[in-house]
Amino acid sequence: MSTFYAPTLQPEQTHYQLSEEESKHCIRVLRMQAGAQIQLVNGRGLEAHALLQDAHPKRCILHLTTVVHHAPSPVVHIAMAPTKNMDRIEWFLEKATELGLTKLSLLNCEHNERKQVNIERLEKIAVAAMKQSKRFYLPEIKPLQRFSDFIAAEPSGYFGHCSEGPKIKMTKIVAGKPFLIGPEGDFSAQEISLALQSGYQAVEMSAFRLRTETAALLATTALIPQ
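Read on for an overview of the structure. What you see is a predicted model; the values in this text were computed from it and never measured.

## Overview of the layout of surface pockets
What the largest pocket holds in volume is close to 540 Å³. Along the wall of the largest pocket there are 24 residues; nearest its centre are H161, C162, F208, R209 and L210. Breaking the lining of the largest pocket down by element, the ones donating at least two residues are β12 (200–204) and α6 (212–223). Per-class residue counts for the lining of the largest pocket are nine nonpolar, seven polar and eight charged. Its boundaries defined by the atoms lining it, the second largest pocket holds a volume of some 270 Å³.

This is the structure:
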């Protein structure tokens, strides 16, 4: 059963009109016809099964047969500095969404090579990954914010860095707290000090030096409750 994104879906609805983009995909790409069975997700826990009633390529009308609300996913929050090459961030977001990412915060650190991010494009990638992986919750994506502002709002968690110093093992991580991943030039000494003073614990992520997106994906898997 093909899955479509229905962000305005409500539990009391009996009919739903797909967006022009989703309608085009349904009719022009998948070549669905009236009577076809379709799954809808709104990215906030609602799942609906529906029958295609009006197969219009710009405004498909669906008749909803069942609507179910699923419990929220466990919190998996990654806060990371965007890489210079956005393809690497997009790859991470796709894979992390499939694994269970619930929130991605983008950090503006001292060593950032990228100062602007296309949030709309990232949201589209997350939607596609959510549909592909049959998830019911869309990860929240927060725009770039200063490292110090994030620390003030989220005063404890975990982070990885390449400098010397005490670090805990990945196995000691407790689910539910954010995990910070620095830019390709790593966190600055000042940022490391600020995080430690705030209550963040440094983590020994690998014996090898990891790319930003690799470290972020590793952190994602570590935060998923077992």
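After that view of the structure, there is still more to cover.
## Re the sheet that holds strand β11 (residues 179–181)
The strands that make up a sheet pair up through hydrogen bonds in the backbone, lying either parallel or antiparallel. Spatially, seven strands are ordered β8-β7-β6-β11-β9-β12-β10 in an open sheet, and the strand pairing comes out parallel. The two strands at the open ends of the sheet, each matched to only one other strand, are β8 (140–146) and β10 (168–169). Contacts between helix α2 (residues 86–99) and the sheet are confined to β6 (77–80), β7 (103–108) and β8, with β6 contributing the most and set at about 175° to the helix. Each of β6 and β11 touches α6; the most contacted strand, β6, lies at about 160° to it.

## Considering a positive patch on the surface
On the surface, a cluster of positive charge is made up of K24, R28, R31, K58 and R59. The class for R28 is exposed, based on a relative accessible area of 53%.

What counts as what
Each chain carries its own residue numbering, running from 1 in the direction its sequence is written. Only residues with pLDDT of at least 70 are given local features in this predicted model, and only at 80 or more are side-chain atom pairs given and counted; all residues enter the totals for whole chains, interfaces and linings. Computation of side-chain values: all heavy atoms of the structure, hydrogens and water removed. Think of a 1 Å grid over just the protein atoms. A cavity is a set of points where a 1.4 Å probe fits yet cannot get out, a pocket is an open set with protein on both sides within 12 Å along at least five of seven lines, and lining residues have an atom within 4 Å of a point. Grid points are joined across faces, edges and corners, and a volume is the space filled by probe spheres set on the points. Numbering of helices and strands runs from the N terminus, with a helix taken as a DSSP run of H or I at least four residues long and a strand as a DSSP run of E at least two residues long. Basically, the charged four are Asp, Glu, Lys and Arg, the nonpolar ten are Ala, Val, Leu, Ile, Met, Phe, Trp, Tyr, Cys and Pro, and anything else, Gly included, counts as polar. Note: two strands are recorded as paired if DSSP finds a minimum of 2 bridges between them. By definition in these notes, contact holds between two residues if any of their heavy atoms fall within 4.5 Å. Axes, fitted as lines to C-alpha atoms, cover a helix only where it is in contact. Angles between the N-to-C directions of the axes lie from 0 to 180 degrees. Here, patches come from residues exposed beyond 30% relative accessible area and free of salt bridges, joined within 9 Å for like charges and within 5 Å for nonpolar side chains (Val, Leu, Ile, Met, Phe, Trp, Tyr). Only the protein chains shown count as cover for residues, and all accessible areas are computed by the Shrake-Rupley method using a 1.4 Å probe. By definition here, a salt bridge exists when the distance from a side-chain nitrogen of Lys or Arg to a carboxyl oxygen of Asp or Glu is within 4 Å. Neither His nor the chain ends is counted toward charge; the positive residues are Lys and Arg and the negative residues Asp and Glu. Lys charges are placed at NZ, Arg charges at CZ, Asp charges at CG and Glu charges at CD. When a residue's accessible area, from a 1.4 Å probe over protein chains only, is under 20% of the maximum for its type it is buried; when over 50% it is exposed; and in between it is partly exposed.

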